[in-house]
Amino acid sequence: MKCIRFNHEDKYIKEFINLPKKLYTKKDNMEDANTIKELLLEKHPLSKYFTLNKFLIYKEDEVVGRFIITEYPDDKKTCYIGFFECIHDKKVAKYLFNNAYEFAKEKKYKKLIGPVDASFWIKYRLKINKFERPYTGEPYNLPYYYELFTDNRFKVCDHYTSQLYEKVDETYSNAKFTEHYDKFIKLGYKIMKPSIHEYDRCIAEVYDLVTDLYSNFPIFKDVEKEDFLKLYKSYEKIINMDMVRMAYYKDKAVGFYISIPNYHNIVYHLTPINIIKILRQRKKPKGYVMLYMGVNQKHQGLGKAIVYSIVEELKKNNLPSIGALAHDGKINQDYAKEKINSRYEYVLLERKIK
């Protein structure tokens, strides 16, 4: 076996991008090849924030693994392993992780955390259960990856869940949600369903809230508003504003809730047929993925009021939903727990460097 570190060479970029196509099926390949190419060529909106050290693992001239070590200039103790893909071979995995470890050790880092694909804002976390058809936004991977990480001295450092909610019909009610909604409306709060024409303004308001609310999340790194807006501009093409809420108090944004239709993985593979499917499903979703929610800390309890408004929308359509990627200990893990069918689990792992 050999480990090749590369930069912008066409041959290696193609082989890096092609490996997932060999490992996954068309239904569970969640990689957007265009985004990966932008990152590899340092042309992504967030590329200026980090350095990517890119590696391919070969066995008899065939690519059998890949990974990237991400470095941040202001983070001297931790580097991040991501874009990890590997065949189901423990010897290959050991060789891959040993090379990652030695690189991190040579750079004098204290720990290696992963999987993190460059940034908190791009993709991170490892799926560890219920390997069904992936939902839009899910950090999906092959079932044996968890074993490969733990076999190579990685230990779980953070745990997350996504909640799969059954359909909500007209008979459903939640007294706490109703109580909170009525309370905050009486206090002068406005919980709005914005139009698509207000998308740019709303996403700018979300940025102002997110940078404060998410700052204590594991691996969080701040980005400038201009770059955040570039990153989330593409969501305008797939979002259904019926399942978006902005909360205001005295005309200032103090909370938000963002859902998108569950397109599974077709949004990452924009063929003409998939574009038609996206346009149809945006108008008539078959389910929703609840991606982001946040409330300014001075307005505790507002989250339940916003969820009330979302539940009422779900009741109109009688659709299932997924509450995506809540960190352990966050209150939204157990919102409407009587409607939770099952939970998907995800982890972050770390390996200390000695």
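Residues numbered from 1 in each chain as written. Predicted model: local features only at pLDDT ≥ 70, side-chain atom pairs only at ≥ 80, totals over all residues. Heavy atoms only, no water.

What to know about helix 9 (residues 302-317)
Next up, step 1: Here helix 9 is 16 residues long and its end C-alpha atoms lie 24 Å apart, about the 22 Å a rise of 1.5 Å per residue gives.
Next up, step 2: The element helix 9 is largely enclosed, with a buried count of 12 among its 16 residues.
Next up, step 3: Where the residues of helix 9 are buried, they touch helix 5 (175-186), strand 8 (190-192), strand 9 (244-249), strand 10 (252-261), strand 11 (288-295) and strand 12 (321-327). (Helix = DSSP H or I, 4+ residues; strand = E, 2+ residues; numbered from the N terminus. Expected span 1.5 Å × (residues − 1). Buried < 20%, exposed > 50% of the residue type's maximum accessible area, 1.4 Å probe, protein only. Contact = heavy atoms within 4.5 Å.)

Focus on a nonpolar patch on the surface
Next up, step 1: On the surface, Leu-270, Ile-275 and Leu-279 cluster together to form a nonpolar patch covering roughly 270 Å² of accessible area.
Next up, step 2: Looking at the element boundaries, Ile-275 is found in helix 8 (residues 272-283).
Next up, step 3: When its relative accessible area of 39% is taken as the criterion, Ile-275 is described as partly exposed. (Patch = residues over 30% accessible without salt bridge, like charges linked within 9 Å, V, L, I, M, F, W, Y side chains within 5 Å. Areas by Shrake-Rupley, 256 points an atom, 1.4 Å probe, with all protein chains shown as cover. Salt bridge = Lys/Arg side-chain N within 4 Å of Asp/Glu carboxyl O.)

Describing unusual backbone geometry
Next up, step 1: The residue after Gly-114, namely Pro-115, is reached through a cis peptide bond having omega -5°.
Next up, step 2: Within the secondary structure, Pro-115 sits in the loop between strand 5 (111-114) and strand 6 (126-127).
Next up, step 3: Despite not being glycine, Arg-125 has its phi angle at roughly 95°, a positive value.
Next up, step 4: Mapped onto the fold, Arg-125 is located in the loop between strand 5 and strand 6.
Next up, step 5: Exposure remark for Arg-125: the relative accessible area of 12% places this residue in the buried category.

Focus on the state of the cysteines
Next up, step 1: In total, this model carries 0 disulfides according to the counting rule given.
Next up, step 2: Counting only cysteine sulfurs, Cys-157 is the nearest neighbor of Cys-79, a cysteine outside any disulfide, at a range of 13 Å.
Next up, step 3: Cys-86 takes part in no disulfide bond, and the closest cysteine sulfur, belonging to Cys-3, lies 12 Å away. (Disulfide = S-S within 2.5 Å.)

Some remarks on helix 8
Next up, step 1: Between its first and last C-alpha atoms helix 8 spans 17 Å; for 12 residues at 1.5 Å apiece the expected length is 16 Å, and the two agree.
Next up, step 2: Within helix 8, the full set of buried residues consists of Asn-274, Ile-278 and Gln-281. Buried residues of helix 8 fall within an arc of 75° about the axis and therefore sit on the same side. Summarising the geometry of helix 8, the exposed residues directed more than 90 degrees from the buried face are Pro-272, Ile-273, Arg-280 and Lys-283.
Next up, step 3: Buried residues along helix 8 sit against strand 10. (Arc of directions from axis to C-beta.)

Regarding the pattern of salt bridges
Next up, step 1: Within the structure shown, the criterion is met by 26 salt bridges.
Next up, step 2: Lys-111 is paired through a salt bridge with Glu-350; the nearest N and O atoms lie 3.7 Å apart. Highlighted residues: Lys-111 in strand 5 and Glu-350 in strand 13 (residues 340-352), separated in sequence by 239 residues.
Next up, step 3: Exposure remark for Lys-111: the relative accessible area of 30% places this residue in the partly exposed category.
Next up, step 4: For Glu-350, a relative accessible area of 18% gives the class buried.
Next up, step 5: Taking the shortest distance from any N to any O, the salt bridge between Arg-201 and Glu-205 comes out at 3.5 Å. Here Glu-205 and Arg-201 lie together in helix 6 (residues 199-213), a separation of 4 residues that amounts to about one turn.
Next up, step 6: Judged by its relative accessible area of 38%, Arg-201 is partly exposed.
Next up, step 7: Each of Lys-193, Asp-242, Arg-245, Glu-313 and Lys-316 takes part in a single network of salt bridges with overlapping partners.

Section: a positive patch on the surface
Next up, step 1: Together, Lys-94, Arg-153, Lys-155, Lys-352 and Lys-354 line one region of the surface with positive charge.
Next up, step 2: Structurally, Lys-94 can be placed in helix 3 (residues 90-106). (Lys, Arg positive; Asp, Glu negative; His and termini not counted. Charge placed at Lys NZ, Arg CZ, Asp CG, Glu CD.)

Looking at the pairing of strand 3 (residues 62-71)
Next up, step 1: Burial within strand 3 is extensive, with 9 of its 10 residues counted as buried.
Next up, step 2: Pairing between strand 2 (residues 51-59) and strand 3: 9 bridges, direction antiparallel. Pairing of Leu-56 across the sheet is with Arg-66, part of strand 3.
Next up, step 3: The hairpin formed by strand 2 and strand 3 contains 2 residues between the paired strands, and Glu-60 there has a positive phi angle of roughly 55°.
Next up, step 4: Alignment of strand 3 against strand 4 (residues 78-86), held across 5 bridges, turns out to be antiparallel. (Pairing = 2+ DSSP bridges.)

Examining the packing of aromatic side chains
Next up, step 1: Applying the stated criterion across every chain yields a total of 33 aromatic pairs.
Next up, step 2: Ring geometry for Phe-149 versus Phe-154: centroids 5.1 Å apart, planes at 75°, classification edge-to-face. Across this residue pair, the class does not change: Phe-149 and Phe-154 are buried.
Next up, step 3: Look at Tyr-207 and Phe-228: their rings are 5.2 Å apart centre to centre, the planes differ by 55°, and that puts the pair in the tilted class. Placement of the pair is Tyr-207 in helix 6 and Phe-228 in helix 7 (residues 225-232), with a sequence separation of 21 residues. Each member of the pair Tyr-207 and Phe-228 is classed as buried.
Next up, step 4: By way of ring pairs, the aromatic residues Phe-120, Trp-121, Tyr-124, Tyr-160, Tyr-207, Tyr-214, Phe-217, Phe-220, Phe-228, Tyr-232, Tyr-235 and Tyr-292 are connected into one cluster. (Phe/Tyr/Trp six-rings, centres within 6.5 Å; stacked < 30°, edge-to-face > 60°.)

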